[in-house]
Amino acid sequence: MTPLPRALFICLLGACALPDTDPAGSVATLVPERIDSAGVTILTHSAGAFERAPRVVLDSTPLAVIAGSADDIEADISTIRPVLFLGDGRLVGIDQQRQVVVVFGPDGETRQEFGRQGAGPGEYGRLNNIVPGNGDTLLVADYMNNRVGLLDPDRGPLGEFPLSAPRTAGGNSPIGMIGDRILLTGVNYSSGSEEPPGIKGILFDPASDVARRTFTTGPEERPAEAPRQFTTSSGAVLVAVRAISIPALAVFPRAFAWNGETVIADGNRFRLEWWDTAGTTRQQLRVDRQRMPVTSAVWEAYVSDMIAQSMGSGSVAAGGTVFFGSGGETPDTALMRKHLAEEPHADSLPLFERTQLGPNGTLWVVDYPVPGSSAWAATAFAADGRLLGRVSGDSGAAPLVFGDDRAVFRSEDDLGIATFTIRKLIFPK
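Just so you know, these numbers come straight off a predicted model, no measurement behind them. (Residues numbered from 1 in each chain as written. Predicted model: local features only at pLDDT ≥ 70, side-chain atom pairs only at ≥ 80, totals over all residues. Heavy atoms only, no water.)

## A look at the overall build of the protein
Heads up, the rule is: Numbered from the N terminus, helices here are DSSP runs of H or I no shorter than four residues, and strands are runs of E no shorter than two. For every residue, the accessible area obtained with a 1.4 Å probe (protein chains only) is divided by the maximum for its type, and the residue is called buried under 20%, exposed over 50%, and partly exposed between those limits. Pairs of residues are marked as contacts when any of their non-hydrogen atoms sit within 4.5 Å. Here the accessible surface of atoms and residues is derived via Shrake-Rupley with a 1.4 Å probe, and residues count as covered only by protein chains that are part of the display.
Across its full length, the protein carries four helices and 31 strands. Looking at the protein as a whole, 51% of its 429 residues qualify as buried. In the protein, once contacts between residues fewer than 6 apart in sequence are set aside, the share between residues at least 24 apart is 54%. Of the accessible surface of the protein, which amounts to about 19,800 Å², a share of 50% is contributed by carbon and sulfur atoms.

So this is what it looks like as structure tokens:
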């Protein structure tokens, strides 16, 4: 095991001052109601907060345009998934075909690549995600090689650490660091439960190869069910990798690291929950907002979206069940529609789909997309719970990645050539 470099800085819980990086500047942001409940600080934004929120707009002049080319294979970006912004404006992404980390300059003109496909030092088997480490370093999740790599976006890979100990403790997804220790999470699958699964919090010390469970949320843990198989009318075999009793149009809880703590994001109800490494809930952030009912039109639009997304990939998600086609055959869309239509679904839409933390601590919470609608919206929060602003669009997909003051959009031309457009987010003054 490659030794972990000395952390560029160590931020002890509650012992480090955060920089004044509020992107809203002097904006009259919305301050939540604050109460204490059995030692837990609960921050609540009342009904109508999103309507009262400061309006954030997208600058009409892009900060950068990163365009692929039909004539230059080296310029192709169609297989690159943007992941996060660095503090200096650089954009970090994953090339999902070649398994390399790509770093674009703030102006989009420069491009660095790190790693290559493989299992050796500095190589990646299957890149899954990248999250901030300490200082300017990044944690790179490599699930095929069952390890996490440490990467300097200027110098390249710095070392790899096996994930055997964290997996044994229940977690395999790195979300951040505290000093020299890595925070990871896992999903608390519970077969037969009607409620969404919970989250397992793990703290891992790579130097000693010791991991410990810090907390578990959600229903009681139970073993996962064995895989199930289905045969289509054409004879293709579909495999349900894992059966999870979570209804369609509900979302799994997600977790990320914020100032050295694990934050669990529950999009089914607008709630963020802070957990420290002692396994204690320290804070909650709530927004009082009504959920949109799932009408027959919304459900039909969702089913059609799932089938459209599955074409070409050979897989389709049906609630908590994932079907994979085999043999390279065309997916049986009629069977897919039948299975999807029979799946139980939530009676109302989740309140948000995902979260994105900017390099200087601005949290963006992206609304759950309404099936059949092309509108999107996202809301910015500060670490103290203030609502900094809200940005929205009437058409097109939501940004793939948010920074503190910028966002990146992806588009394609008629030939399928991709372009990333980075736009500045302007907070009102």
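Next comes the rest of the account.
## Some thoughts on the pairing of strand 13 (residues 173-178)
Which entries qualify depends on this criterion: At least two DSSP bridges between two strands are needed for those strands to be called paired.
Within strand 13, five of the six residues are buried, which leaves it mostly tucked inside the rest of the structure. Alignment of strand 13 against strand 14 (residues 181-188), held across five bridges, turns out to be antiparallel. Counted as the bridge partner of S173 is T185 from strand 14. What sits between strand 13 and strand 14 in their antiparallel hairpin is a turn of two residues, with G179 showing a positive phi close to 60°.

## Some details on the sheet that holds strand 2 (residues 40-45)
As a reminder, the rule being used: Geometry is summarised by axes, namely lines fitted to C-alpha atoms with helices restricted to the contacting stretch, and by angles between N-to-C directions that run from 0 to 180 degrees.
Taken together, the six strands give an open sheet; going across it, the order is 1-2-22-21-20-19, and neighbouring strands pair in mixed fashion. The open sheet has two edge strands with one neighbour each: strand 1 (33-37) and strand 19 (254-258). Each strand of the sheet is rotated relative to its neighbour by a mean of 20°, with strand direction disregarded. When strand 20 (residues 261-266) meets strand 21 (residues 271-275), the two strands line up antiparallel, connected through five bridges. Residue pairing across strands places V263 opposite W274, the latter belonging to strand 21.

## Thoughts on the pattern of salt bridges
Pairing between side chains of opposite charge can happen when the charged atoms of each approach one another. Note the cut-off: Between Lys or Arg on one side and Asp or Glu on the other, a salt bridge is scored when a side-chain nitrogen of the former is within 4 Å of a carboxyl oxygen of the latter.
In this structure the tally under the stated criterion is 21 salt bridges. Across the salt bridge formed by E123 and R116, the nearest N and O atoms sit 2.7 Å from each other. E123 sits in the buried class, given a relative accessible area of 13%. Linking R410 and E412 is a salt bridge whose minimum nitrogen-to-oxygen distance equals 2.8 Å.

## Brief notes about the side chain of T185
Tracing the chain through its elements places T185 in strand 14. Given a relative accessible area of 6%, T185 falls into the buried group. In this structure, T185 is in contact with G171, N172, S173, I175, I199, K200, A255 and T262, ignoring residues within four places of it in sequence.

## A short note on helix 4 (residues 333-342)
Keep this limit in mind: In this description, one arc is meant: the one made by directions from the helix axis to the C-beta atoms.
Taken together, the buried positions of helix 4 are L335, M336, H339 and L340. Mapping the buried residues of helix 4 onto a view down its axis gives an arc of 130°, with all of them on the same face. Helix 4 presents A334 and E342 as exposed residues on the side facing more than 90 degrees away from its buried surface.

## Quick word on the side chain of R390
As for its position among the elements, R390 is in strand 28 (residues 387-393). Since its relative accessible area comes to 9%, R390 is described here as buried. In contact with R390, other than residues within four places in its own chain, are F50, A53, P54, R55, V56, R289, D367, A377, A378 and T379.

The quantities given are spatial measurements derived from coordinates; they are silent on function.
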